[in-house]
Amino acid sequence: MKGAKMLIELLKREGVEVIFGYPGGAVIDIYDVLFDTPEIKHVLVRHEQGAAHAADGYARTTGKVGVCIATSGPGATNLTTGLATAYMDSVPVVAITGQVPTKLIGKDAFQEADVTGITMPITKHNFLVTHIEELPIIVREAFHIASTGRPGPVLIDLPKDVQQQEAEFTFPEKVEIPGYRPTYQGHINQINLAAQAIEKAQKPLLYIGGGVIAAGASGALRELAEKTEIPVTHTLMGKGAFPEHHRLSLGMLGMHGTYWANKAIMNCDLLIAVGARFDDRVTGNLKTFARNTETIIHIDIDPAEIGKNVKTHIPIVGDARLVLEELLKRVESKKHPEWIQEIEGWKKEYQPPRKESAKLLPHTVVEKVYQATKGKAIVVTDVGQHQMWAAQIYLLDEPRCWASSGGLGTMGYGLPAAVGAQIGNPDKLVVLFSGDGSIMMKIQELVTACNYCLPIKIFVLNNSYLGMVRQWQGCFYKGRYSCTQLKNPDLAQLARAFGAEGISVKNEAELEEAINKALSIEDRPVLVDCHIEEEENVYPFVPPGKSLDEMILWEPGKEG
Ligand SMILES: Cc1ncc(C[n+]2csc(CCOP(=O)(O)OP(=O)(O)O)c2C)c(N)n1
């Protein structure tokens, strides 16, 4: 069997149903096989970065490994932003890139790039296949590495001549990689220590991240929180891991988190971090982070995360679900009425003010979309203020309903990720919140969405600014708005040119009708261009480097 055919057979055996990609000379053999492979749906994107983000959006919302493919050289380098995005957020993706024939490697051949070298720091692992005999085990290992332990992207660079070589097809039953043995079971002694700490704590707090979703630990987490009455705050990546409407949910913490979540972090005596990595957007000033906390428990599958940013007293390396299940057996039912009351007090002390404005407010857009979709959509975002408004206002009760670039903060992620999410969840409603800056970064993927009749609902919070950067310029650079004002095309008209529905909304009165129309369209994407108040800022806001209790709660001079 030829290498290209062997690759596709191996992908089928791995259960791959869809590949996002873009052809080119170095992968033409693979595309030739795909031509005769109806079992695998190939989604033709319009830029390789879109393929990587689509594979990522597919993976985040389905829990399966996302697969993307690109040709050598520029095709492969275009994938890199998507791979780095997936890497930073621990998303399982397998990327396949064509490479120049083995004998030309290192000779500056046409469309040659050292892709394994380039992607080394932004993939969990990568492979250059130099002999066809290695292909079966490499593909198996790639899927194994991408989806086990701490998930992440894995790249397979496949030279053109290897695709054309012949060998017998094999499918290795077992994958055993020397030196790669993720620890799943947490150490029992450590789990016992954690149970004791929970028993002793007066003001415990769970701080959860995307690792809870990756491990399928939401159920165990909820049981633990309820049994021991421990309030829960989540990161941007952990959105949906614990129901946001639950009485024990404090919402998101960190730079744009809730006032009460950040207060709770600064006042808890026990902090239990699960599948979270103490990112600087979460901790604020590390010196003062959780300054009253006596004990920090950190549960994570990746030992490299433990103690990286904060000192941990009880480290537990293991799979979040397995560790929480063990922990559950060892803790007694508890109540913390005083602690809960203290938190309720913070909630009462500060409620975000409702602003009145003649212009359309971003909050109103997210709120109305939330109401119209009954909170049941898969929500995808781009990066900027709109991302934070979506995170703050569109509350989610289920895991895998949220796809947003957290670690890398990649503008342009949203539209292709929404394509991946909709392909992976054909029966679900997919809503994208984007900004006028972000949408233009990957607008070409609107063609993809149109070509595959994907009914994605795109809401652009159009403020004619690179809003988040403008906010920082306003707060820290004396309002010197250098290069952040945008002169945009008519986005609704642009959407129509692509073959999508395009609606322009200028005020609240038009919004409801637009949302209803958008929700009624089932055969193509809809872009609702919402012209919002231009200089609206995101609050609350912990300025960079400040402590979590130094939040700016609302616009200076406006209230409070
Ligand atoms: C690829 C990329 N380039 C630059 C940035 C820096 N950046 C972060 S937020 C932002 C502004 C985003 O503007 P827009 O998409 O219009 O959203 P808004 O903040 O206005 O809601 C920029 C430029 C980034 N995150 N990603």
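Residues numbered from 1 in each chain as written. Predicted model: local features only at pLDDT ≥ 70, side-chain atom pairs only at ≥ 80, totals over all residues. Heavy atoms only, no water.

- The name that an unreviewed UniProt entry assigns to the protein is Acetolactate synthase, with the source organism given as Thermatribacter velox.
- Note on the protein: under the UniProt heading Catalytic activity (unreviewed entry), the record states "2 pyruvate + H(+) = (2S)-2-acetolactate + CO2". (UniProt positions renumbered as here; feature names shortened; annotations may be inferred.)

**Things to note about the pairing of strand β15 (residues 430-435)**
Reasoning step 1: Judged by how many residues are buried, β15 sits mostly within the fold: six of six residues are covered.
Reasoning step 2: Taking every second residue as pointing to the same face, both faces of β15 are buried, with V430, L432 and S434 on one and V431, F433 and G435 on the other.
Reasoning step 3: In terms of strand pairing, strand β13 (residues 378-381) meets β15 through four bridges, oriented parallel. Among the inter-strand pairings, T381 is bridged to a residue of β15, identified as F433.
Reasoning step 4: Looking at chain direction, β15 and strand β16 (residues 457-462) are connected through five bridges and run parallel. (Buried < 20%, exposed > 50% of the residue type's maximum accessible area, 1.4 Å probe, protein only. Helix = DSSP H or I, 4+ residues; strand = E, 2+ residues; numbered from the N terminus. Pairing = 2+ DSSP bridges.)

**Considerations on the sheet that holds β15**
Reasoning step 1: An order of β14-β13-β15-β16-β18-β17 is seen for the six strands of this open sheet, with the pairing classed as parallel. Edge strands, defined here as strands with exactly one partner in the open sheet, are β14 (402-403) and β17 (501-505).
Reasoning step 2: Pairing between β13 and β14: two bridges, direction parallel. Paired with V379 across the strands is W402, a residue of β14.

**Here's the deal with the pattern of salt bridges**
Reasoning step 1: Considering all chains together, one arrives at 28 salt bridges under this definition.
Reasoning step 2: Two residues, E9 and K12, come together in a salt bridge whose shortest N-O distance is 3.1 Å. Residue E9 and its partner K12 are both found in helix α1 (residues 3-13); the two are separated by three residues, about one turn of the helix.
Reasoning step 3: On the basis of relative accessible area, K12 is assigned to the partly exposed category, the value being 27%.
Reasoning step 4: Note that K355 is salt-bridged to E536, the shortest N-O span being 2.6 Å. Here E536 lies in the segment after β18 (526-531) and K355 lies in the loop between α14 (337-349) and α15 (362-372), a separation of 181 residues in the sequence. (Salt bridge = Lys/Arg side-chain N within 4 Å of Asp/Glu carboxyl O.)

**Quick look at the site of the ligand**
Reasoning step 1: As a structural note, the neighbourhood of the ligand is formed by 17 residues, with Q385, G409, G437, S438 and G467 the closest of them.
Reasoning step 2: At 2.9 Å from an oxygen atom of the ligand is found a side-chain nitrogen or oxygen belonging to H386.
Reasoning step 3: Note that a nitrogen atom of the ligand is positioned 2.8 Å from one of the backbone N or O atoms of G409.
Reasoning step 4: Summarising the interface, the protein chains cover 76% of the accessible area of the ligand, which totals 590 Å² for the free molecule.
Reasoning step 5: Elements with a minimum of two residues in the shell around the ligand: α16 (385-393), α18 (436-441) and α20 (467-476).
Reasoning step 6: Tallying contributions element by element places α18 first for the shell around the ligand, with four residues.
Reasoning step 7: Looking at the shell around the ligand, its residues break down into seven nonpolar, nine polar and one charged. (Near = heavy atom within 4 Å. Polar contact = N/O pair within 3.5 Å; in protein donor to acceptor, adjacent residues only side chain to side chain. Areas by Shrake-Rupley, 256 points an atom, 1.4 Å probe, with all protein chains shown as cover. Nonpolar A, V, L, I, M, F, W, Y, C, P; charged D, E, K, R; others polar.)

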